[in-house]
Amino acid sequence: MNPTPANLFTTGRCLKKGPQGGATSTTMPKGRKRKQQVEITHSPQPSPKTTKQTPKDPYPDYARPTREECISVRDDLLALHGFPQEFAKYREQRLSSQASNHSDVAVSSEPSDEKESVLDGLVRTMLSQNTTEANSLKAFACLKSAFPTWEEVLAADSQSLESAIRCGGLAKTKASCIKNMLSCLLEKKEKLCLEYLRHLSVDEIKAELSHFKGIGPKTVACVLMFQLQQDDFPVDTHVFEIAKSMAWVPVGADRNKTYLHLNEWIPDELKFDLNCLLYTHGKLCRKCIKKGGSTGKQQEKESKDSISCPLLRYCK
């Protein structure tokens, strides 16, 4: 999925210590004593420390989408597309994870041969920013071919790393973000592994990943949903445009606010399937995501698409 933007979940934790507010026992004229007492009474107090929390729904009174709408859209898209095969392995991993959660089987701190590691998934998602899926997959394959281990990626010079991922676009920016993330991870955990995230809560995972430069809420949400089998709802361009078309968010909502709102209103058990289906439909249906004007054969194709698009009846 093609991510982008900036970091929503990193909040400042440093607070300046305020004045103590204690009165001194210096001698002063009686005429000034009352004035000084008033000033002490109204002096600013130190701000209490707050704990970091995930931002809440920016539109708490906008009661959409309803559970019924989510189920209806999911079922319509399942009937049209079937479940997307590119996400089938992640769906199986979720079912397996849910089953193990109800048993006494311990969660391994190391990735299995079959399961993609959290670190692999994170870098793959970082490479998918501002490019096509085909280009991002090619960039990741080239990266792993040139540098089979993450230790080799970290040790590589910037130019070699940029050359390896150039086909994915924004090579200089992405290479810098990847090296920075790996360097910070090694300094903090003394090894290049993110499997420890599997033992943390969703808010703790968001806080951990958001500390890395270049990793925003969309990337974090993708890692949560695909690699960590958590209930989250990433909002990429496709999901964003369809959500606006169906009025699932108020007019004027940006992508970050759409992410926060949809995560509050879409039931957890529907998030994974619905997200994969909306993303897939957005790639295939020209009517749902309009990319500039179209003429001739494009208009003819869009007209045919509109006949088969089941989401048009939800659009306002």
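All residue numbers here refer to positions counted from 1 along the written sequence of the relevant chain. The model is predicted, so local features are restricted to residues of pLDDT at least 70 and side-chain atom pairs to those at 80 or more, both for listing and for counting; the totals for chains, interfaces and linings are taken over all residues. Heavy atoms from the whole structure form the basis of all side-chain values; hydrogens and water molecules are not counted.

A. Fine view of the overall build of the chain. What counts as a helix is a DSSP run of H or I of at least four residues, what counts as a strand is a run of E of at least two, and both are numbered from the N terminus. Secondary structure summary: the chain contains 14 helices and zero strands in total. In the chain, the succession of helices and strands from N to C terminus is α-α-α-α-α-α-α-α-α-α-α-α-α-α. Using a 1.4 Å probe on the protein chains alone, a residue whose accessible area is under 20% of its type maximum counts as buried, one over 50% counts as exposed, and one in between counts as partly exposed. Across the 316 residues in the chain, those meeting the buried criterion constitute 43%. Note on definitions: a residue-residue contact is assigned when non-hydrogen atoms from the two residues lie within 4.5 Å. Considering only intrachain contacts with a sequence separation of at least 6, the fraction spanning at least 24 residues in the chain is 74%. Under the convention used here, a 1.4 Å probe and the Shrake-Rupley method define accessible areas, while residue burial counts only the protein chains that appear. Of the roughly 17,800 Å² of accessible surface on the chain, a fraction of 51% belongs to carbon and sulfur atoms.

B. View of the packing of helix 9 (residues 202–210) against helix 10 (residues 217–227). Each axis is a line fitted through C-alpha atoms, and for a helix only the stretch in contact is used; angles between axes span 0 to 180 degrees, taken between their N-to-C directions. Where helix 9 contacts helix 10, the axes come no closer than 10 Å and their chain directions differ by 135 degrees. Relative to helix 10, helix 9 is oriented oblique. Relative to helix 10, helix 9 is oriented so that their crossing is right-handed. Contact residues: Val 202, Ile 205, Lys 206, Leu 209 and Ser 210 in helix 9; Val 220, Val 223 and Leu 224 in helix 10. Of the residues assigned to the contact of helix 9 with helix 10, the class counts are six nonpolar, one polar and one charged. In these notes the angle categories are as follows: under 35 degrees is roughly parallel, over 145 is roughly antiparallel, 65 to 115 is roughly perpendicular, and the rest is oblique. In this scheme, a crossing is called left-handed if the near helix is turned counterclockwise away from the far one by less than a right angle; it is called right-handed if the turn is clockwise. Residue classes follow a fixed rule: Ala, Val, Leu, Ile, Met, Phe, Trp, Tyr, Cys and Pro count as nonpolar, while Asp, Glu, Lys and Arg count as charged, and any other residue, Gly among them, counts as polar.

C. Quick peek at the pattern of salt bridges. Any Lys or Arg side-chain nitrogen located within 4 Å of an Asp or Glu carboxyl oxygen qualifies as a salt bridge. Overall, the coordinates contain 15 salt bridges when judged by the stated rule. The partner of Arg 94 in a salt bridge is Asp 231, with the nearest N and O atoms 2.7 Å apart. Taken together, the residues Arg 94 in helix 3 (residues 88–101) and Asp 231 in the loop between helix 10 and helix 11 (237–245) connect sequence positions 137 residues apart. Arg 94 sits in the buried class, given a relative accessible area of 7%. With relative accessibility at 30%, the residue Asp 231 sits in the partly exposed group.

D. Layout of the side chain of Lys 271. Inspection of the secondary structure puts Lys 271 in helix 13 (residues 268–284). Its relative accessible area of 3% is what places Lys 271 among the buried residues. Here Asn 263 takes part through its backbone oxygen, which lies 3.0 Å from a polar atom of the side chain of Lys 271. Pairs of N or O atoms are called polar contacts if they sit within 3.5 Å, as long as, within protein, a hydrogen donor faces a hydrogen acceptor (for residues adjacent in sequence, only side-chain-to-side-chain pairs).

E. Inspection of the nonpolar core at higher detail. Put simply, a nonpolar core is a bunch of buried Ala, Val, Leu, Ile, Met, Phe, Trp, Tyr and Cys residues held in one set by side-chain atoms that sit within 4.5 Å of each other. Ranked by internal contacts, the top residues of the largest apolar core, which has 37 residues, are Val 73, Trp 248, Leu 278 and Leu 311. Going through the elements one at a time, helix 2 (67–81), helix 10, helix 11, helix 12 (255–265) and helix 13 are the ones with two or more residues in this core. Ignoring anything within four residues of it in the chain, the contact list for Leu 278 reads Val 73, Leu 77, Phe 233, His 238, Val 239, Ile 242, Met 246, Trp 248 and Leu 311. The next biggest cluster of nonpolar side chains, apart from the first, holds 35 residues, and it includes Ala 139, Cys 177, Ile 178 and Val 223.

F. Representation of the environment of Phe 83. Position of Phe 83 among the secondary structure elements: in the loop between helix 2 and helix 3. Judged by relative accessible area, Phe 83 falls into the buried class, the value being 16%. For the pair Phe 83 and Leu 277, spaced 194 residues apart in sequence, the C-alpha separation works out to 7.0 Å.

G. View of the environment of Thr 219. One can find Thr 219 in helix 10. Along the sequence, Thr 219 and Ser 128 sit 91 residues apart, while their C-alpha atoms lie 9.2 Å from each other.

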